[in-house]
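A structural walkthrough
Chain by chain, the residues:
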Amino acid sequence: MSTIPFATDFSLKPEVTAFFDAPTNTISYVVKDPASKSCAVVDSVMDIDYAAGRITYDGADQIIDFIRDNGLEVEWLIETHVHADHLSAAPYIQSKLGGKLGIGENITIVQDTFGKIFNEGTEFQRDGSQFDRLFTDGDSYQIGGLTVHVMHTPGHTPACMTHVVGDAAFVGDTLFMPDGGSARADFPGGDARTLYRSIQRVLTLPRETRLFMCHDYGPNGRDIQWETTVGDEIDHNIHVGHGTDEDTFVAMREARDATLAMPKLIIPSLQINMRAGQLPPKDKDGKTYLKVPVNGL
Ligand SMILES: [Fe+2]
């Protein structure tokens with residue numbers, strides 16, 4: 001589990017532009033090849049006013065404007081995992097700008113789990129076919145001249161992948177900033193021990209590797225941040241730094257997870273994100289509805 005199935009090329013330095021979504025504390029990224037106009041969009045956000053059942057695209061439109069203003073070409077729309085706290089805007093961005101949608105192959109496990117929880121019919125395919133590409137551990141893909149290597153880093157969810165490109169890695173919810181620690185591991189299919197091992201694997205990347213978070217909550221009142229390094233995480237991460245051992249981490253993570261409420265947007269997020277960000281099919285009246293499973297989560 002500790003070996004990394006590829007060699008990093010630190011001479012490649014992707015240009016990374018971050019977009020922070022304040023309502024969900026999510027950071028989306030445009031990752032550009034410095035040698036061409038090619039880019040990828042990582043973990044985009046679709047806006048929802050859940051109380052009103054209203055979906056809008058202000059955040060995604062900012063990303064689209066940035067891409068158009070800079071004349072970029074979208075090659076990939078990447079989901080680091082199936083998010084439980086925000087809705088993906090990947091299909092919306094794809095409809096405007098093109099690009100292929102990619103996620104980890106264990107999306108099928110997530111689809112199976114939540115297909116049951118939401119009592120989806122047989123028209124909901126559990127084979128990941130809503131995506132253009134399902135990544136396996138050690139897979140790679142191109143953003144122009146950049147090669148992106150994909151590492152399976154489960155624990156937060158079964159489908160979590162870390163995307164490593166040149167001197168940068170997009171860790172999804174595997175790690176938070178050093179003072180934020182780590183993400184919860186108690187969603188269906190999550191596991192604290194597995195998460196610890198995935199984090200250790202990320203931390204075997206070179207110390208100078210730039211790490212980009214999917215979330216930041218500004219602990220202790222500090223400003224929002226999203227970029228750190230492997231070395232900083234090893235030295236300072238409050239959950240896994242200072243050589244914290246596996247059992248200590250697991251005990252801490254499980255005790256902490258037992259105190260956490262469900263994310264506010266988990267119900268709409270999973271129903272939409274397990275469909276690659278598509279809304280559920282229209283009902284007989286031609287309108288779209290989301291379900292709330294009573295005592296189902
Ligand atoms: Fe997440």
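Residues numbered from 1 in each chain as written. Predicted model: local features only at pLDDT ≥ 70, side-chain atom pairs only at ≥ 80, totals over all residues. Heavy atoms only, no water.

**With respect to unusual backbone geometry**
Even without being a glycine, Ala-276 presents a positive backbone phi close to 65°. Examined against the element boundaries, Ala-276 turns out to sit in the segment after helix H7 (266–273). Phi at Asn-295 is positive, roughly 55°, even though this residue is not glycine. Structurally, Asn-295 is set in the segment after H7. We classify Asn-295 as exposed; its relative accessible area is 79%. (Helix = DSSP H or I, 4+ residues; strand = E, 2+ residues; numbered from the N terminus. Buried < 20%, exposed > 50% of the residue type's maximum accessible area, 1.4 Å probe, protein only.)

**Re the coordination of the iron ion**
Those donors, His-81 (NE2), His-156 (NE2) and Asp-173 (OD), are the protein atoms that reach the iron ion, and they lie 2.0 to 2.4 Å from it. Here the donor residues of the iron ion are spaced in sequence according to H-x74-H-x16-D. Of the two residues, His-156 sits in the loop between strand S10 (146–152) and strand S11 (161–165) while Asp-173 sits in the loop between strand S12 (168–172) and helix H4 (192–202), which places them 17 residues apart along the sequence. Take His-156 and Asp-173: they sit in the same class, and that class is buried. (Donors = N, O, S within 2.8 Å, 3.2 Å for Na, K, Ca; no water.)

**Focus: the sheet that holds S11**
Pairing between the strands of a sheet is mediated by backbone hydrogen bonds and can be parallel or antiparallel. Taken together, 6 strands build an open sheet; the order of strands is S9-S10-S11-S12-S13-S14 and the sheet is mixed. The open sheet has two edge strands with one neighbour each: strand S9 (140–143) and strand S14 (227–229). Within this sheet the neighbouring strands show an average axis-to-axis angle of 30°, counted without direction. Where S9 meets S10, 4 bridges bridge the pair, whose relative direction is antiparallel. Considered in S10, the bridge of Tyr-141 is made with Val-148. Contacting S10, S11, S12 and strand S13 (210–213), H4 crosses the sheet at an angle of about 150° to S10. (Pairing = 2+ DSSP bridges. Axes fitted to C-alpha atoms, helices over the stretch in contact; angles between N-to-C directions. Contact = heavy atoms within 4.5 Å.)

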